[in-house]
Amino acid sequence: MTTIKTVAIVGAGQMGAGIAQTVATGGYDVLLYDAAAERPQQALAAIAASLARQVSRDLLPQATADAALARIRPAASLAEAARADLIIEAAVEDEAVKKSILTELTPLLGPDTLLASNTSSISITRLASATDRPDRFIGLHFMKPAPVMKLVEIVRGIATSAQTYETAVAFAESLGKTTTNAEDFPAFIVNRILVPMINEAIYTLYEGVGNVASIDKALKLGANHPMGPLELADFMGLDVVLAIMNVLYEGLADSKYRPCPLLVKYVEAGWLGRKSGRGFYDYSGDTPAPTR
C-alpha cells in the first residue's frame, strides 16, 4: 500500500477548503492549489475562521487547531501539488474541467501517486480515463461541510484496484470518517436519492403547491429533516444541484430526473444560493428571507 504523508487538494473553493481542513486536522501535510492564484490564501483565511469556531465551541483544542493550520500551505503550481502522495481533485462539478485538470496533472505525477476525485455525481471510470493510472484512481466524495459531516462515499471505477480501494478506505477512516461503498453509477448513493428529492421540492414550489417557507417547514417538522430541501439546495449551491440533475437525466435517460425549469431559471439568473447571496432565500439581511 502507498504510504500517505502529504495530500494535495486541487481546487480551493468551499469544498476544497473544507477537505484541506479535514485532512490537516487528521495529521497530514496539505498542499492547496487552485488555478486562480488568490484562492488558496482566501481558503486559508476561511479555514482559520472555521477552526476558530470549533475551538470556541470546545469541539477542538487550540493546539490541535494551530497544528492543523500550520500543516496547510499553498502550492504555487500544479507541478508542486503533483509531488504529494495522494491528490484529491475538488474542482467545480463539470466533467470537462475535471478532465482538463487530470490531463494536465498526469505527466507531472510520480509512479506511485494516488489520484482521487471529490466529484458528487460524475463517472469515476470516465474521469480515470483522462489519466495514465485508472487502477490508482478512485472517488472520495466528502459531504459538505467536510469538517463536520461524518460520511465519505468511496467510489471505484471499473479499473480501480483492490489495493487503491483499501488505501482510500484506510485514509478516510484515519480522518475519523465513516465510509460507504458506492458503485460507479450517476450520482452514486447520497445524491442519487437526495438531489431528486430537492428537485421535487422545487417542482412543488414551481407548481404552487407551497411557498418556500411552507415547503421547508413541512419537511423539517413532518420528516424530521434538519434543513428544509430548499434551504439545503441554497447551501449546496443551485448550480451544483442542477449539474447533478443533468448528470442523472443524461446518464439514466429517465424523465423523472428532468431538472425543474425553475431551478434552471434561478441558475441562469445567477441566483445560486448562499454563495451568491440569493437563491430560494435572500441572504442580504440578518435573517435569510424566502424569495417566493
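Residues numbered from 1 in each chain as written. Predicted model: local features only at pLDDT ≥ 70, side-chain atom pairs only at ≥ 80, totals over all residues. Heavy atoms only, no water.

1. Some thoughts on the overall build of the chain
- Helices and strands together make up the secondary structure of the chain, namely 12 helices and 10 strands.
- The C-alpha atoms of the chain give 19 Å as radius of gyration, which agrees with the globular expectation for 292 residues (19 Å, within 12%).
- For the chain, the C-alpha atoms occupy an extent of roughly 55 × 45 × 35 Å along the three principal directions.
- For the chain, the residues scored as buried account for 48% of the 292 residues in total.
- The contacts of the chain with a sequence gap of at least 6 include a subset with a gap of at least 24, amounting to 65%.
- Carbon together with sulfur atoms contributes 54% to the accessible area of the chain, which is approximately 13,300 Å² in total.
- The averaged location of the 31 negative side-chain charges in the chain is 3 Å from the averaged location of its 26 positive side-chain charges. (Helix = DSSP H or I, 4+ residues; strand = E, 2+ residues; numbered from the N terminus. Rg over C-alpha atoms; globule rule 2.2 N^0.38 Å. Buried < 20%, exposed > 50% of the residue type's maximum accessible area, 1.4 Å probe, protein only. Contact = heavy atoms within 4.5 Å. Areas by Shrake-Rupley, 256 points an atom, 1.4 Å probe, with all protein chains shown as cover. Lys, Arg positive; Asp, Glu negative; His and termini not counted. Charge placed at Lys NZ, Arg CZ, Asp CG, Glu CD.)

2. A few points about the nonpolar core
- Grouped together as the largest cluster of nonpolar side chains are 38 residues, with contacts concentrated most on I88, L140 and F171.
- Looking at this core, the element that brings in the most residues is helix α1 (residues 14-25), giving six residues.
- When residues no more than four places from it in sequence are discounted, the contact partners of F171 are I4, V7, V23, Y28, L86, I88 and L140.
- Among the nonpolar cores identified, the runner-up in size contains 27 residues, and A187, I202, L205 and Y281 belong to it. (Core = buried A, V, L, I, M, F, W, Y, C linked by side-chain atoms within 4.5 Å.)

3. Here we look at the sheet that holds strand β3 (residues 72-74)
- In space, the eight strands of this open sheet follow the order β3-β2-β1-β4-β5-β6-β7-β8, with mixed pairing throughout. Every interior strand has two partners, whereas the edge strands, β3 and β8 (178-182), have only one. Taking each pair of neighbouring strands and ignoring which way they run, the sheet shows an average axis angle of 25 degrees.
- Pairing between strand β5 (residues 114-117) and strand β6 (residues 137-142): three bridges, direction parallel. Directly across from L115, in β6, lies its bridge partner F137.
- Across the sheet, helix α2 (residues 39-56) touches β2 (29-33) and β3, and the angle it forms with β3 is around 160 degrees. (Pairing = 2+ DSSP bridges. Axes fitted to C-alpha atoms, helices over the stretch in contact; angles between N-to-C directions.)

4. A look at the UniProt feature "domain: 3-hydroxyacyl-CoA dehydrogenase C-terminal" (unreviewed entry) in the chain
- Here, the residues flagged by UniProt with the feature "domain: 3-hydroxyacyl-CoA dehydrogenase C-terminal" (unreviewed entry) are residues 188-283.
- Along residues 188-283 the backbone is 61% helical and 2% strand, and the end-to-end C-alpha distance reaches 31 Å. (UniProt positions renumbered as here; feature names shortened; annotations may be inferred.)

5. Let's talk about the environment of F137
- By secondary structure assignment, the location of F137 is in strand β6.
- Residues F137 and L127 lie 10 residues apart in sequence; the distance between their C-alpha atoms is 8.6 Å.
- In this view, F137 contacts L102, L115, S117, I124, L127, A128, T131, T160 and T164; residues no more than four positions away in its chain are not counted.

6. Quick look at the packing of helix α10 (residues 229-236) against helix α11 (residues 238-252)
- Here α10 crosses α11 at 100 degrees, and the two axes come no closer than 5 Å. What the angle tells us is that α10 and α11 run roughly perpendicular. Residues A233, D234 and M236 of α10 touch α11, and the partners they reach there are L238, V240, V241 and I244.
- Along the lines of polarity and charge, the residues of the contact of α10 with α11 split into six nonpolar, no polar and one charged. (Parallel < 35°, antiparallel > 145°, perpendicular 65-115°, else oblique. Nonpolar A, V, L, I, M, F, W, Y, C, P; charged D, E, K, R; others polar.)

7. Remarks on the UniProt feature "domain: 3-hydroxyacyl-CoA dehydrogenase NAD binding" (unreviewed entry) in the chain
- When the UniProt feature table is mapped onto this chain, "domain: 3-hydroxyacyl-CoA dehydrogenase NAD binding" (unreviewed entry) is found at residues 6-184.
- Structurally, residues 6-184 is divided into 40% helix and 21% strand, and its ends, taken at the C-alpha atoms, are 27 Å apart.

8. Side note on helix α12 (residues 261-268)
- Residues of α12 that are buried include every one of L262, L263 and Y266, and no others. Down the axis of α12, the buried side of the element spans an arc of 100 degrees, and every buried residue falls inside it. Looking at α12, the residues exposed on the side facing more than 90 degrees away from the buried face are K265 and E268.
- Buried-residue contacts for α12 involve α8 (190-206) and α11.
- One or two residues past the end of α12 sits G270, with phi positive at roughly 80 degrees. (Arc of directions from axis to C-beta.)

9. Examining unusual backbone geometry
- Between K144 and the following residue, P145, the backbone shows a cis peptide bond with an omega angle of 0 degrees.
- Within the secondary structure layout, P145 lies in the loop between β6 and β7 (151-156).
- Although it is not a glycine, A187 sits at a positive phi angle of roughly 70 degrees.
- Note on placement: A187 falls in the loop between β8 and α8.
- The buried category is assigned to A187, whose relative accessible area is 0%.

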